[in-house]
Amino acid sequence: MPTQPPTTGKPPIGGQQPPTTGKPPTGQQPPTTGKPPIGGKPPVTGQQPPAFTPEQHTFIFLVALGADYTIFLMSRVREEVKRLGIEKGVPHAVARTGGVITSAGLILAGTFAVLTTLPLNILYQLGACVAVGILLDTFIVRGLLVPGLVLMLGKWNWWPGRL
């Protein structure tokens, strides 16, 4: 492979430019295509853009964690409804599991909130979204929505099985 003479900033003799190799000279950035990179920001040198967006990760975390809390709550509701009936059993089950679900939700929200202290934008977004989502799930969904739906549906809550 022929070597090129070092450049001195002056045009070569005869006014011709040396042939290019297709790569930018050392220390210069390659030309851009004009399109923004995936994710809107250029990737950190040597890293690929994220395969998932924070919204996708948030959805996955909240659905998975919400399902765990619902299983725990509904298993207790089922036990109490068998023992006390639906009108008294649902509030009793929520009162018995409320402390555990609230404590777990606060700890988990705090854990994800720690991600907001990191300098990476994607982790900040993920931490903030999941922490707020877990708090909403803990206090609104498990405390109000699920018990209200159970009382509203009555015996149909256990369909297709029976109580």
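The rules behind each value
Residues numbered from 1 in each chain as written. Predicted model: local features only at pLDDT ≥ 70, side-chain atom pairs only at ≥ 80, totals over all residues. Heavy atoms only, no water. Helix = DSSP H or I, 4+ residues; strand = E, 2+ residues; numbered from the N terminus. Buried < 20%, exposed > 50% of the residue type's maximum accessible area, 1.4 Å probe, protein only. Contact = heavy atoms within 4.5 Å. Core = buried A, V, L, I, M, F, W, Y, C linked by side-chain atoms within 4.5 Å. Salt bridge = Lys/Arg side-chain N within 4 Å of Asp/Glu carboxyl O. Expected span 1.5 Å × (residues − 1). pLDDT = per-residue confidence, 0-100. Axes fitted to C-alpha atoms, helices over the stretch in contact; angles between N-to-C directions. Parallel < 35°, antiparallel > 145°, perpendicular 65-115°, else oblique. Left-handed = near helix turned anticlockwise from the far one by under 90°. Nonpolar A, V, L, I, M, F, W, Y, C, P; charged D, E, K, R; others polar. Bend = angle between axes of the 7 residues up to and from the residue.

## Regarding the side chain of Thr138
Tracing the sequence through the fold places Thr138 in helix 3 (residues 121-153). Judged by relative accessible area, which is 4%, Thr138 ranks as buried. With residues up to four places along the chain from it excluded, the contact list for Thr138 reads Tyr69, Ile101, Thr102, Gly105 and Gly143.

## Here's the deal with the nonpolar core
What tends to happen in soluble globular proteins is that the nonpolar side chains get buried as a cluster. Counting 11 residues, the largest nonpolar core consists of Tyr69, Leu73, Met74, Val77, Val81, Val90, Ala93, Ile101, Val146, Val150 and Trp158. Contributing elements (two or more residues each) for this core: helix 1 (54-84), helix 2 (86-113) and helix 3. Top contributing element to this core by residue count: helix 1, with five residues. Of all hydrophobic cores here, the second largest spans seven residues; its members include Leu65, Phe112, Val130 and Ala131.

## Topic: the environment of Glu87
With respect to the helices and strands, Glu87 occurs in helix 2. Glu87 sits 63 residues away from Val150 along the chain, and the two C-alpha atoms are 9.8 Å apart.

## Structural notes on the pattern of salt bridges
Scanning all chains against the criterion turns up three salt bridges. Between Glu80 and Arg76 there is a salt bridge, with the nearest N and O atoms lying 3.2 Å from each other. Of the two residues, Glu80 and Arg76 both sit in helix 1, four residues apart, roughly one turn of that helix. Overall, the relative accessible area of 4% leaves Glu80 in the buried class.

## Points about helix 1
Look at helix 1: 44 Å from first C-alpha to last across 31 residues, which is about the 45 Å you get at 1.5 Å a residue. If you check which residues of helix 1 are buried, you get Pro54, Thr58, Leu65, Gly66, Tyr69, Leu73, Met74, Val77, Glu80 and Val81. Buried positions along helix 1 lie against helix 2 and helix 3. Downstream of helix 1 by a residue or two, Gly85 has a phi angle that is positive, lying close to 95°.

## Concerning the confidence of the model for the protein chain
Summing up the model confidence of the protein chain, the mean pLDDT is 81 and the portion of residues at 70 or higher is 69%. When mean pLDDT is taken per element in the protein chain, helix 2 scores highest with 94 and helix 1 scores lowest with 90.

## Considering the packing of helix 1 against helix 3
With their axes 9 Å apart at the nearest point, helix 1 and helix 3 run at an angle of 30° to one another. Comparing the axis directions of helix 1 and helix 3 gives the class roughly parallel. For the crossing formed where helix 1 meets helix 3, the hand is right-handed. Where helix 1 approaches helix 3, its residues Pro54, His57, Thr58, Phe61, Leu62, Leu65, Gly66, Tyr69, Thr70, Leu73, Met74 and Val77 are matched on the opposing element by Ile122, Gln125, Leu126, Cys129, Val130, Gly133, Ile134, Asp137, Thr138, Arg142, Val146 and Val150. For the contact of helix 1 with helix 3, the class distribution of residues is 15 nonpolar, seven polar and two charged.

## Looking at helix 2
Along its length, helix 2 reaches its greatest deviation from straightness, about 45°, at Thr97. Inspection of helix 2 places Gly89, Val90, Ala93, Thr97, Ile101, Gly105, Ala109 and Phe112 among the buried residues, and these make up the whole buried set. For helix 2, the secondary structure elements touched by its buried residues are helix 1 and helix 3.

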